[in-house]
Amino acid sequence: LVFFDELYGLHRLSHVVKDPTIFTSASPDLVAAARQETLLTLADIVFDREADFREVLTSRRTFLNRRLAALYDVRAPAAEGFAPTEIPAEKHRTGLLGHASILSLYAHSTATSATLRGKFIRTVLLCGEVPPPPSGVDTSIPEPDETAVTLRERVAVHLEVEDCAGCHALMDPLGLALENFDGLGAWRETEFGAPIDPAGDLDGQPFSNVDEFVNLMAADPRFTDCVVERLVRYANSSVETWDQADELAPLKDAFEAQGFRFQQLVLHVIMSPAFRYTGAPQ
């Protein structure tokens, strides 16, 4: 589980701080519980059930204690500690992108962030690249006013400025899919009294809500291909060289052929030439 802890940045949750005047239920033990939920869910999918890895995004099965159950507005599965539970479909909380760990980590101390969440999705889950912002560019987002209430309306500024649009068009539309979750991970229908619109498109594939978005993500071959790439890099402690890149294709094919079982992928990786052999000295 150390691989996932590092890949998803969960180890950084201990440094997450939320403004208690805005997020009144925020506390260090809630953040710790959020990290535990995600690690227990990954262990369940990968080791206990050896399930299709795409369930990381699509499964409503998770592990909650009383604090997280209260945040998610569901019945606590146990009086003490963590226990497995199935999140009702009407809660729209599915998989990793519905976990308070990810939702709070990739947000600001006082608000959500379509950019941080979108960058996580684009670069960590899909292995895409986002160019660095131009030197001196203004990255601030306007404060809410009567003409731009919701975050969607305010980040539209980035998509209208040429220097900003190149990067933000890759991130913000994806992050906005999660806008119904506040900066701590609680569900909300409105922002400052205005209805939240989570609709968008995943690189040309339209979605109208977060449920449709996570299903598109899970069906996107870039998600499972990215897991392979990240695991190989983690195993080798380096980015693959040009002559190793071709060796990723058989690993991706094997991952799919064996039902996207992560443990089987690990076995294929450690037996692959990309892991067993190093290149010539430079």
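Before any of the text, the structure's been laid out above.
Since the model is a prediction, treat every value here as computed from it, not as a measurement.

Participant: Help me understand helix 9 (residues 210-219), please; the structure alone is not making it clear to me.
Facilitator: It helps to recall that an α-helix has 3.6 residues per turn; residues three or four apart then point in one direction. Turning to helix 9, its buried residues are Val 210, Phe 213, Val 214, Leu 216, Met 217 and Ala 218. Near the N-terminus of helix 9, the side chain that reaches the backbone nitrogen of Asp 211, with its oxygen 3.1 Å away, is that of Asn 209.

Participant: Hey, could you run me through the packing of helix 10 (residues 221-236) against helix 12 (residues 262-271) in this one?
Facilitator: Each pair of packed helices gets described by two things: the angle between the helix axes and the distance between those axes. Helix 12 packs onto helix 10 with a crossing angle of 50° between their chain directions and a minimal axis gap of 11 Å. Looking at the two axes, helix 10 sits oblique to helix 12. Both helix 10 and helix 12 take part in a crossing whose hand is right-handed. Contacts between helix 10 and helix 12 pair Val 227, Val 228, Leu 231, Val 232 and Ala 235 from the former with Phe 262, Leu 265, Val 266 and Val 269 from the latter.

Participant: Explain the nonpolar core to me, please; I cannot follow it from the model alone.
Facilitator: Nonpolar side chains in soluble globular proteins generally cluster together in the buried interior. With 51 residues, the main nonpolar core has Tyr 8, Phe 53, Leu 97, Phe 120, Ile 121, Leu 125 and Phe 213 as its most contacted residues. Of all the elements, helix 9 adds the most residues to this core, at six residues. Among residues more than four places away in sequence, those in contact with Leu 125 are Tyr 8, Leu 57, Leu 96, Leu 97, Phe 120, Met 217, Arg 222, Phe 223 and Cys 226. Core analysis: the next-biggest nonpolar cluster, separate from the first, contains 14 residues, Phe 23, Leu 30, Tyr 72 and Leu 184 among them.

Participant: Help me out: how do you make sense of the side chain of Asp 172 in this one?
Facilitator: Along the chain, the position of Asp 172 falls in helix 8 (residues 162-175). Of the buried charged residues, Asp 172 lacks a salt bridge, with Arg 152 as the closest side chain of opposite charge at 9.7 Å. Looking at Asp 172, its side chain comes within polar contact range of the side chain of Thr 115, at 2.8 Å.

Participant: I tried to follow the state of the cysteines on my own but got confused; where do I start?
Facilitator: In a disulfide, the sulfur atoms of two cysteines are held together by a covalent bond. Counted by the stated rule, this structure contains one disulfide. Residue Cys 127 pairs covalently with Cys 226 via a disulfide, S to S 2.1 Å. The disulfide joining Cys 127 to Cys 226 has a torsion of about 75° about its S-S bond and is therefore right-handed. A residue pair is termed long-range when its members are at least 10 positions apart, and Cys 127 in the loop between helix 6 (114-125) and helix 7 (151-160) and Cys 226 in helix 10 qualify at 99 residues.

Participant: How should the packing of helix 6 against helix 10 be read in this particular structure?
Facilitator: Between helix 6 and helix 10, the least distance of the axes is 9 Å, while the angle of their chain directions is 65°. Packed against helix 6, whose contacting residues are Arg 122, Thr 123, Val 124 and Leu 125, the element helix 10 presents Arg 222, Phe 223, Cys 226 and Arg 230 at the interface. Counted by class, the contact of helix 6 with helix 10 contains four nonpolar, one polar and three charged residues.

Participant: Teacher, can you tell me more about the packing of aromatic side chains here?
Facilitator: Following the criterion strictly, the structure yields 13 aromatic pairs and no others. Taken together, Phe 3, Phe 4, Tyr 8, Phe 53, Tyr 106, Phe 120, Phe 223, Tyr 234 and Phe 262 form an aromatic cluster joined through their ring pairs. The ring of Tyr 72 carries the charged tip of Arg 93 above its face, separated from the ring centre by 3.8 Å.

Participant: Help me understand empty space enclosed by the protein in this model?
Facilitator: Take a probe with the size of a water molecule and roll it over the atoms, and the empty space left behind shows itself. What the rule picks out here adds up to three cavities of 30 Å³ or more. Of the pockets and cavities examined, the largest cavity occupies roughly 50 Å³. Lining the largest cavity are Glu 37, Ser 59, Arg 60, Arg 61, Thr 62, Tyr 72, Ile 87, Arg 93, Thr 94, Gly 95, Gly 98 and His 99. Partitioning the lining of the largest cavity into residue classes produces two nonpolar, six polar and four charged.

Quick notes on the rules
Residues numbered from 1 in each chain as written. Predicted model: local features only at pLDDT ≥ 70, side-chain atom pairs only at ≥ 80, totals over all residues. Heavy atoms only, no water. Buried < 20%, exposed > 50% of the residue type's maximum accessible area, 1.4 Å probe, protein only. Helix = DSSP H or I, 4+ residues; strand = E, 2+ residues; numbered from the N terminus. Polar contact = N/O pair within 3.5 Å; in protein donor to acceptor, adjacent residues only side chain to side chain. Axes fitted to C-alpha atoms, helices over the stretch in contact; angles between N-to-C directions. Parallel < 35°, antiparallel > 145°, perpendicular 65-115°, else oblique. Left-handed = near helix turned anticlockwise from the far one by under 90°. Contact = heavy atoms within 4.5 Å. Core = buried A, V, L, I, M, F, W, Y, C linked by side-chain atoms within 4.5 Å. Lys, Arg positive; Asp, Glu negative; His and termini not counted. Salt bridge = Lys/Arg side-chain N within 4 Å of Asp/Glu carboxyl O. Disulfide = S-S within 2.5 Å. Nonpolar A, V, L, I, M, F, W, Y, C, P; charged D, E, K, R; others polar. Phe/Tyr/Trp six-rings, centres within 6.5 Å; stacked < 30°, edge-to-face > 60°. Lys NZ or Arg CZ within 6 Å of the ring centre and 35° of its normal. 1 Å grid on protein atoms, 1.4 Å probe; cavity = no way out; pocket = protein on both sides within 12 Å on 5 of 7 lines; lining within 4 Å. Points joined across faces, edges and corners; volume = space filled by probe spheres on them.

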